[in-house]
Amino acid sequence: MKITVVGGGYVGLVSGACLAKTGHDVTIIDTIPQKVDMINSGRPPIYEKGLEEILKSCVGRNLCASLNYDSVAESDIALICVGTPPRPDGSANLEYIESAAESIGREIGKAESRGVHRFRTVVVKSTVPPGTTEKIVFPAVMKGVGSCATADELSIDIGFAMNPEFLREGLAVEDFLNPDRIVIGSGGGKAKDAVTAMYEGIGTERLYCGITAAEMIKYTSNAFLATKISFSNEIGNICKQLGIDVYEVMKGVGMDHRISPFFLNAGAGFGGSCFPKDVSALVSLAESSGIDPVLLKSVLGVNDAQPLRMIELLEKRIGDISGKHIAVLGLAFKNDTDDIRDSRSIPVLAELIKKGAKITAYDPMATAAMKTLFDESKVIYCANAKDALKDADACLVMTEWPEFTKLDAEFDGMRSRVIIEGRRILSVKDKEGICW
Ligand code: UGA
């Protein structure tokens, strides 16, 4: 199939590359020239395991990037993968979705006017509130078509579908090629067949459902996963107070197949570009529909409070933080990424700065990103954990980087050995956990 992917971010780039790997002819559209150039030279603009290999083998063959929408004319599918960032009130900003849809429509209109007739399916992959595909994408595509095609040509054949992604950063290629399920929301007919054909190379269960149900499945999946984490954190906070190891508890709990052992790791809370944004969007959606989402608000409440527990524990151990040297290990929102979006280390650094601590920090990948939030007048960024820990009065571990497991003698350089971990990752004995 010929596929145009609109948006060359994590989702669009990984989806486009993997669809090319499974044999389709793919064009990825992005507005940033450097990104387009990088993709076209086989270099991924983001780090994602396995992505470079795919770009190297497909670019120049059946994968390219472009700044314009020309490829839509000849495409069977236009996949919308643009961002839906949060507005200040938590609701999703659908501006990019709308303009991408209108541009796709314009290209379809122009193609039909030129006599290039074919059935095309517009598929929304971005995470969007239920109703977006029908109420925003459909009219925007038709508006674009209408601005370029005559009334006769408006009988053109366009299908619409919603196909959410469930990719994890760092494991996105693996997740795309080996998903738990593929959700295809459509009104049936040719649009459903087109999306089914797009995934022909990927063997897993398909769920066919309505478009709004598909949109809601994505929000609900992320909200449920976030709930599992906040639930584990609340249980962890109770366990710590009672002197019980929450990891022993959750191991026993997760052995019940109705619960499953995954996503029950208590710690400093969830971050990233998805869970906080999507749960907030769902809260805002509920409230605007007259529902008070008590549980979802608590999920966010527990998550906001969790990093500050690190500071509370720290103060219990060393008293007043002002003037003390605190080492922070881990800045990324999780391991194997340089992404700091909504990382739990951000509120921790902000609080330490507010309280007048001297901060040294180390992260294997996310230092450059964190420097843009807290410059070097506020945080001293170190090249390794040993340097960050040297002469520190205490240390806070904020990210589950596997390399932290091996840390041992590095802690000997601390002035006082106060080690508090927000992720269960260290193997040294004399540490204290946020919930254990
Ligand atoms: C998440 C979902 O896992 C994907 O399925 C989804 O497609 C994606 O959001 C999205 O909506 O695009 P991601 O944000 O990459 O993926 O990160 P996760 O690996 O899910 O981790 C999220 C956060 O939860 C991290 O801060 C991690 O440290 C934390 N976490 C995870 C816990 O605190 N405990 C756990 O047990 C698991």
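Residues numbered from 1 in each chain as written. Predicted model: local features only at pLDDT ≥ 70, side-chain atom pairs only at ≥ 80, totals over all residues. Heavy atoms only, no water.

Draft legend 1. Region of the structure containing the nonpolar core. Among the nonpolar cores identified, the biggest contains 57 residues, and Leu314, Ile326, Leu329, Leu352, Cys395, Phe404 and Phe411 are the most heavily contacted of them. Counting residues per element, this core draws most heavily on helix α11 (residues 294-318), which supplies five residues. In this structure, this core is formed jointly by two domains, domain 2 (219-234 + 243-305) and domain 3 (308-433), each of which donates at least three residues. For Cys395, the contacting residues outside a window of four places in its chain are Ala327, Leu329, Leu389, Phe411, Met414, Val418, Ile419 and Ile420. In terms of nonpolar packing, the next biggest core, distinct from the first, is built from 43 residues, Val6, Val128, Ile158 and Leu282 among them. (Core = buried A, V, L, I, M, F, W, Y, C linked by side-chain atoms within 4.5 Å. Buried < 20%, exposed > 50% of the residue type's maximum accessible area, 1.4 Å probe, protein only. Helix = DSSP H or I, 4+ residues; strand = E, 2+ residues; numbered from the N terminus. Domains from an automatic or database assignment. Contact = heavy atoms within 4.5 Å.)

Draft legend 2. Representation of unusual backbone geometry within the structure. A positive phi angle, close to 60°, is found at Phe263, a residue other than glycine. Its place among the elements puts Phe263 in the loop between α9 (246-254) and α10 (275-288). According to the relative accessible area criterion, Phe263 is partly exposed, its value standing at 32%.

Draft legend 3. Spatial organisation of the sheet that holds strand β14 (residues 432-433). Judged by pairing direction, the sheet is parallel, and its six strands sit side by side in the order β11-β10-β9-β12-β13-β14 without closing on themselves. With one partner strand each, in any of the chains shown, β11 (379-381) and β14 form the two edges of the open sheet. With four bridges connecting them, strand β9 (residues 325-329) and strand β12 (residues 394-397) associate as parallel partners. Its bridge partner lying in β12, Val328 is registered against Leu396. (Pairing = 2+ DSSP bridges.)

Draft legend 4. Just the site of the ligand, in detail. Near the ligand there are 21 residues, and of these Leu167, Glu169, Lys218, Asn222 and Glu400 occur at the shortest range. Contact between the ligand and Gly271: an oxygen atom at 3.0 Å from a main-chain N or O atom of the residue. With respect to the ligand, the side chain of Glu400 contributes an N or O atom lying 2.7 Å from an oxygen atom. Relative to its unbound accessible surface of 720 Å², the ligand loses 92% to contact with the protein. (Near = heavy atom within 4 Å. Polar contact = N/O pair within 3.5 Å; in protein donor to acceptor, adjacent residues only side chain to side chain. Areas by Shrake-Rupley, 256 points an atom, 1.4 Å probe, with all protein chains shown as cover.)

Draft legend 5. A look at the domain arrangement of the protein chain. Per the domain assignment, the segments making up the protein chain are domain 1 (2-209), domain 2 (219-234 + 243-305) and domain 3 (308-433). In this structure, domain 1 and domain 3 have C-alpha centres spaced 39 Å apart. Contacts between domain 1 and domain 3 engage five residues on the former and eight residues on the latter. Buried surface at the junction of domain 1 and domain 3, both sides included, amounts to about 410 Å², of which 42% is carbon and sulfur. The largest contributions to the domain 1 side of the interface with domain 3 come from Tyr10, Tyr47 and Glu169, which together make up 86% of the buried area. Our count for the domain 1 to domain 3 interface comes out at one salt bridge. In this structure, Glu169 and Arg341 form a salt bridge, with 3.8 Å as the shortest nitrogen-oxygen distance. Here domain 1 is connected to domain 3 by two residue pairs in polar contact (both at pLDDT 80 or more). Classifying every residue of the side of domain 1 that touches domain 3 gives two nonpolar, one polar and two charged. (Buried area = accessible area lost by both parts, 1.4 Å probe. Salt bridge = Lys/Arg side-chain N within 4 Å of Asp/Glu carboxyl O. Nonpolar A, V, L, I, M, F, W, Y, C, P; charged D, E, K, R; others polar.)

Draft legend 6. Summary view of the packing of α10 against α11. In contact at an axis separation of 10 Å, α10 and α11 are set at 150° when each is read in the N-to-C sense. Classified by chirality, the crossing of α11 by α10 is left-handed. From α10, Pro276, Val279, Ser280, Leu282, Val283 and Glu287 reach across to α11, where they touch Leu296, Lys297 and Leu300. Its residues assigned to classes, the contact of α10 with α11 shows six nonpolar, one polar and two charged. (Axes fitted to C-alpha atoms, helices over the stretch in contact; angles between N-to-C directions. Left-handed = near helix turned anticlockwise from the far one by under 90°.)

Draft legend 7. Region of interest: a nonpolar patch on the surface. Taken together, the side chains of Ile238, Leu242 and Ile244 present a nonpolar region at the surface, about 280 Å² in accessible area. You can see Ile238 is positioned in helix α8 (residues 211-242). For Ile238, a relative accessible area of 44% corresponds to the partly exposed category. (Patch = residues over 30% accessible without salt bridge, like charges linked within 9 Å, V, L, I, M, F, W, Y side chains within 5 Å.)

Draft legend 8. Highlighting the packing of aromatic side chains. According to the stated counting rule, one finds six aromatic pairs in the structure shown. Ring centres of Phe138 and Phe160 lie 5.1 Å apart, and the angle between their planes is 75°; on these two criteria the pair is classed as edge-to-face. Placement of the pair is Phe138 in helix α5 (residues 132-146) and Phe160 in strand β6 (residues 158-162), with a sequence separation of 22 residues. Classification of Phe160 as buried rests on a relative accessible area of 11%. Each ring, one from Phe270 and one from Phe275, has its centre 5.9 Å from the other, and the planes form 85°; the classification is edge-to-face. Residue classification places Phe270 among the buried positions, given a relative accessible area of 4%. Judged by its relative accessible area of 13%, Phe275 falls in the buried class. Grouped by ring-pair contacts, the aromatic residues Phe263, Phe270 and Phe275 constitute a single cluster. Over the ring of Tyr208 we find Lys192; its NZ or CZ atom is 4.5 Å from the centre of that ring. (Phe/Tyr/Trp six-rings, centres within 6.5 Å; stacked < 30°, edge-to-face > 60°. Lys NZ or Arg CZ within 6 Å of the ring centre and 35° of its normal.)

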